[in-house]
Amino acid sequence: EADIYQTPRYLVIGTGKKITLECSQTMGHDKMYWYQQDPGMELHLIHYSYGVNSTEKGDLSSESTVSRIRTEHFPLTLESARPSHTSQYLCASSGPPSGPEGYTFGSGTRLTVV
Amino acid sequence: KNQVEQSPQSLIILEGKNCTLQCNYTVSPFSNLRWYKQDTGRGPVSLTIMTFSENTKSNGRYTATLDADTKQSSLHITASQLSDSASYICVVSDRGSTLGRLYFGRGTQLTVWP
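Residues numbered from 1 in each chain as written. Chains lettered and ligands numbered in written order. Predicted model: local features only at pLDDT ≥ 70, side-chain atom pairs only at ≥ 80, totals over all residues. Heavy atoms only, no water.

J.: What exactly am I supposed to notice about the overall build of chain A here?
T.: Regarding its fold elements, chain A presents zero helices and eleven strands. In terms of overall size, chain A behaves like a compact globule, its C-alpha atoms giving a radius of gyration of 13 Å where 114 residues would be expected to give roughly 13 Å. Principal-axis analysis of the C-alpha atoms gives chain A an extent of 40 × 30 × 25 Å. Partitioning the contacts of chain A with sequence separation of at least 6, the portion at a separation of at least 24 is 53%. Surface exposure of chain A reaches about 5400 Å², of which carbon and sulfur atoms provide 53%. Of the side chains in chain A, 9 bear a positive and 12 a negative charge, and the two mean positions are spaced by 8 Å. (Helix = DSSP H or I, 4+ residues; strand = E, 2+ residues; numbered from the N terminus. Rg over C-alpha atoms; globule rule 2.2 N^0.38 Å. Contact = heavy atoms within 4.5 Å. Areas by Shrake-Rupley, 256 points an atom, 1.4 Å probe, with all protein chains shown as cover. Lys, Arg positive; Asp, Glu negative; His and termini not counted. Charge placed at Lys NZ, Arg CZ, Asp CG, Glu CD.)

J.: Got a minute to help me understand the pairing of strand E5 (residues 45-51) of chain B in this structure?
T.: Residue and element names in this part refer to chain B. For strand E4 (residues 30-38) and E5, the ladder comprises six bridges, and the chain directions are antiparallel. Note that in E5 the partner of Arg34 across the bridge is Ile49. Linkage of E4 to E5, two consecutive antiparallel strands, is achieved through a turn of six residues, within which Gly41 is found at a positive phi near 75 degrees. (Pairing = 2+ DSSP bridges.)

J.: I tried to follow the interface of chain B and chain A on my own but got confused; where do I start?
T.: It is common to give the size of an interface as the accessible area that goes away when the parts come together. Taken together, the 18 residues of chain B in the interface contact 22 residues of chain A. Of the roughly 1800 Å² buried at the junction of chain B and chain A (both faces included), carbon and sulfur atoms supply 51%. On the surface where chain B and chain A come into contact, there are one salt bridge. For Glu42 of chain A, the salt bridge identified is with Arg106 of chain B, shortest N-O distance 2.9 Å. Here chain B and chain A share seven residue pairs in polar contact (both at pLDDT 80 or more) between them. Those elements giving two or more residues to the side of chain B that touches chain A turn out to be E4, E5 and strand E10 (102-104) of chain B. At four residues, the largest contribution of residues to the side of chain B that touches chain A is made by E4 of chain B. Across the side of chain B that touches chain A, the residue classes tally to seven nonpolar, seven polar and four charged. (Buried area = accessible area lost by both parts, 1.4 Å probe. Salt bridge = Lys/Arg side-chain N within 4 Å of Asp/Glu carboxyl O. Polar contact = N/O pair within 3.5 Å; in protein donor to acceptor, adjacent residues only side chain to side chain. Nonpolar A, V, L, I, M, F, W, Y, C, P; charged D, E, K, R; others polar.)

J.: Sorry, what's going on with the sheet that holds strand E3 (residues 19-25) of chain A here?
T.: Pairing between sheet strands relies on hydrogen bonds along the backbone, with the strands arranged either parallel or antiparallel. Residue and element names in this part refer to chain A. The four strands are arranged E1-E3-E8-E7 in an open sheet whose pairing can be described as antiparallel. This sheet does not close on itself; its edge strands, each paired only once, are strand E1 (4-7) and strand E7 (65-66). As defined by bridge partners, E1 adjoins E3 across four bridges and the pair is classed as antiparallel. Following the sheet pairing, Gln6 is matched in E3 by Cys23.

J.: What am I meant to see in the nonpolar core here?
T.: One recurring pattern in soluble globular proteins is that nonpolar side chains are buried together. Val4, Tyr25, Leu33, Trp35, Leu75, Tyr88 and Val92 of chain B are the most contacted members of the largest nonpolar core, which totals 25 residues. Grouped together as the second largest cluster of nonpolar side chains are 19 residues, Ile13, Ile19, Val66 and Leu111 of chain A included. (Core = buried A, V, L, I, M, F, W, Y, C linked by side-chain atoms within 4.5 Å. Buried < 20%, exposed > 50% of the residue type's maximum accessible area, 1.4 Å probe, protein only.)

J.: Before we go on, may I ask you to explain the sheet that holds strand E1 (residues 4-7) of chain B in this structure?
T.: Residue and element names in this part refer to chain B. Read from one edge to the other, the open sheet built from five strands follows the order E1-E3-E8-E7-E6, with strand pairing classed as antiparallel. Because the sheet does not close on itself, it has two edges, and the strands there are E1 and strand E6 (56-59). Averaged over all adjacent pairs, the angle separating strand axes in this sheet is 15 degrees, with direction ignored. Here E6 runs beside strand E7 (residues 62-67); their pairing, made up of four bridges, is antiparallel. In the sheet register, Thr56 faces E7, and the bridge partner there is Thr65. (Axes fitted to C-alpha atoms, helices over the stretch in contact; angles between N-to-C directions.)

It is worth stressing that arrangement in space is one thing and function is another; only the former is reported here.
What follows is the structure, given as structure tokens:
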């Protein structure tokens, strides 16, 4: 069962549109992350958060922005989508590193910009 | 440079057969190593997590091994099933930051044929 939810699962949108990808978790985790993954490639960290009102950029430069107003919610926004933004976006959250909660991923949002 | 290398890149086996996937890493200082299963278009799902002191860990038909001296891990799948067809990702975490930074391999794409 999923304790971290991403919506929408699939999104096809035109160039220039503003979009927000939603991510919510019910585990009370402080740390949350956004990853970008292209087919056959490794995940790249684009944003992370240690807690409410804390956001940082990850390793991979991204034109997206994030916010963390509530512990359970970590949305990602693209102000003006471009075809180069086409990718899979995965949200994750983490509890204690070695505990059973560990690191949990959402099911992802497959974004296509046409 | 911290890296995670997986082999083979892809693998095709017949249903019922066993297989072993390899992961070599150079991440230091080492915290833990995780194996994830990622179905096409879905988020990764955790199979095992091992710390420095653990040599082997099982989860049903999945058995992971870790040799922290040689920085190698393997994932052995026993009596494969069609549902095992997926990408298997090796992820290593370091102890160098509060974030508990994750380093991802590109995955091994496993296909199980009937």
